[in-house]
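Coordinate analysis (summary)
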Amino acid sequence: MPWSNSSELSPSFILASIPGPEAARCWVALALCSAYAVAVLGNLAVLLVVRAEPSLHTPMYFFLCMLAALDLALATATVPRVLSFYWFGSREIGFGACLLQMFLIHTLSAVESTVLLAMAVDRYVAICHPLRHAAVLSNGTTAKIGLLAVARGVLFFLPLPLLLLPLPFCGSRLLSHSFCLHQDVMNLACANTTPSVVYGLTAILLVMGLDAVLICLSYILILKAVLRLAAWRERLKVFSTCIAHICVVLAFYVPLIGLSVVHRFGKDLAPLVHIIMGNVYILVPAVLNPIIYGVRTKQIQGRILSLIHVTDR
């Protein structure tokens, strides 16, 4: 049934919920809450440790702080709203709030992709041109890269909600995910969405797609430099400095690609698949990133263990 005239002027959407009995939804809410708590505590720990440890005041760890802040912002922009409808049954989200959430999700993801590229460049310069590393990637340059990453994300993804703003919406109001994504909202419009489709695909390719290609290129050059080393032990030692970053890149891009594939080819899949993939895309990087760097970085690991020891006393 089409919406009323008043609803067309200010439509609202229904967020997708995991089907099943009330008890099952309670367990899902508990799992999401636990994952969110781990993400918040882990990323806050990274931020506090890097701030307190002078030896970590280097471009690599400043980029890691940016990554932690972005993961915190992305999880906070989505998970509390998801938990509100599992706990309080509030599944409806207003049109303006939906567009704002959509803008934040896509923009923060774009900024995170740019930061991952900057971290790959940092690894390339550190391994292939170590004598020029301090000059090429100073702390001032790192701050400028962070600002450029934010500007790039905003400029590329601000048009997405603006393109949807004038469209009429009719028929179903049910979204495929527990939060608002551009393609999901766009599919509910009862008008020509070609400009949104073209621009959305172009923005994804020019930001995430281009970043992924440049990250791969950086690691090809790194691998060539590593293979020039004579001793295998030295090769492994040098390349091991990249393991944490490679894991973080995979934690970001694998869920992103999986979500894109589900959107493109998963129209006949069960709604549960769309909901799970959406939650994986939001939460997996935020949960795994601090764990990966906590395990791989002795300074972070030692500082956290010392804080835990002091707390136990």
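Model, not experiment: these values are computed from the prediction.

1. With respect to helix 4 (residues 95-128)
- In this model, helix 4 (34 residues) spans 49 Å end to end at C-alpha, consistent with the 50 Å of a helix rising 1.5 Å per residue.
- Within helix 4, 26 of the 34 residues are buried, which leaves it mostly tucked inside the rest of the structure.

2. A few points about the UniProt feature "domain: G-protein coupled receptors family 1 profile" (unreviewed entry) in the chain
- Under the UniProt annotation, "domain: G-protein coupled receptors family 1 profile" (unreviewed entry) lies at residues 42-293.
- Annotated as 78% helix and 1% strand, the span residues 42-293 places its first and last C-alpha atoms 10 Å apart.

3. Here we look at the nonpolar core
- Core analysis: the largest hydrophobic core is formed by 83 residues, its most contacted members being F13 and L116.
- No other element matches helix 3 (residues 59-88), which puts 16 residues into this core.

4. Remarks on the environment of L99
- Within the secondary structure, L99 sits in helix 4.
- Using a relative accessible area of 7% as the deciding quantity, one classes L99 as buried.
- For L99, the contacting residues outside a window of four places in its chain are P161, L164 and L165.

5. Quick notes on the packing of helix 4 against helix 6 (residues 139-157)
- As a packed pair, helix 4 and helix 6 sit with axes 8 Å apart at the nearest point and diverge in direction by 140 degrees. Classified by the angle between their axes, helix 4 and helix 6 sit oblique to one another. Regarding helix 4 and helix 6, the two cross each other, and that crossing is right-handed. Contacts from F103, H106, T107, A110, V111, T114, V115 and A118 in helix 4 reach I145, A149, V150, R152, G153, V154 and F157 in helix 6.
- Grouping the amino acids of the contact of helix 4 with helix 6 by side-chain chemistry returns 10 nonpolar, four polar and one charged.

6. Remarks on the state of the cysteines
- As enumerated under the stated definition, the model contains two disulfides in all.
- Across the disulfide from C98 sits C180; the S-S distance is 2.0 Å. When the S-S torsion is -120 degrees, as for the bridge of C98 with C180, the disulfide is left-handed. Here the residue C98 occupies a position in helix 4, and C180 occupies one in the loop between helix 7 (159-164) and helix 8 (182-186), the gap between them amounting to 82 residues.
- For C180, a relative accessible area of 0% puts it in the buried group.
- The disulfide partner of C170 is C190, and the S-S distance across this bridge is 2.2 Å. Note that C170 is positioned in the loop between helix 7 and helix 8 and C190 in the loop between helix 8 and helix 9 (194-227), a separation of 20 residues in sequence.

Basis of the calculations
Starting from 1, residues in each chain are numbered consecutively following that chain's sequence as written. At least 70 in pLDDT is required for a residue's local features to be given in this predicted model, at least 80 for side-chain atom pairs to be given and counted, and no such filter applies to totals for whole chains, interfaces and linings, which use all residues. Calculation of side-chain values draws on the structure's entire complement of heavy atoms; hydrogens and water are dropped beforehand. By the criteria applied, helices consist of DSSP H or I runs no shorter than four residues and strands consist of E runs no shorter than two, each listed in order from the N terminus. Multiplying 1.5 Å by the helix residue count minus one yields the expected span of that helix. Burial status follows relative accessibility: with a 1.4 Å probe on protein chains alone, a residue under 20% of its type maximum counts as buried, one over 50% as exposed, and anything between as partly exposed. UniProt positions are given in the numbering used here, feature names are shortened, and annotations may be inferred rather than shown by experiment. Residues belong to one nonpolar core when they are buried, are Ala, Val, Leu, Ile, Met, Phe, Trp, Tyr or Cys, and are joined through side-chain atoms within 4.5 Å. Throughout, a contact is declared for two residues whenever any of their heavy atoms are within 4.5 Å. Here, axes are lines fitted to C-alpha atoms. For helices the fit covers the stretch in contact, and angles between N-to-C directions go from 0 to 180 degrees. Reported orientations rely on four angle classes, namely roughly parallel under 35 degrees, roughly antiparallel over 145, roughly perpendicular from 65 to 115, and oblique for the rest. Left-handed describes a crossing whose near helix is turned anticlockwise from the far helix through less than a right angle; right-handed describes the clockwise counterpart. Amino acid classes used here: Ala, Val, Leu, Ile, Met, Phe, Trp, Tyr, Cys and Pro are nonpolar; Asp, Glu, Lys and Arg are charged; the rest, including Gly, are polar. The disulfide criterion used throughout: a pair of cysteine sulfur atoms within 2.5 Å.

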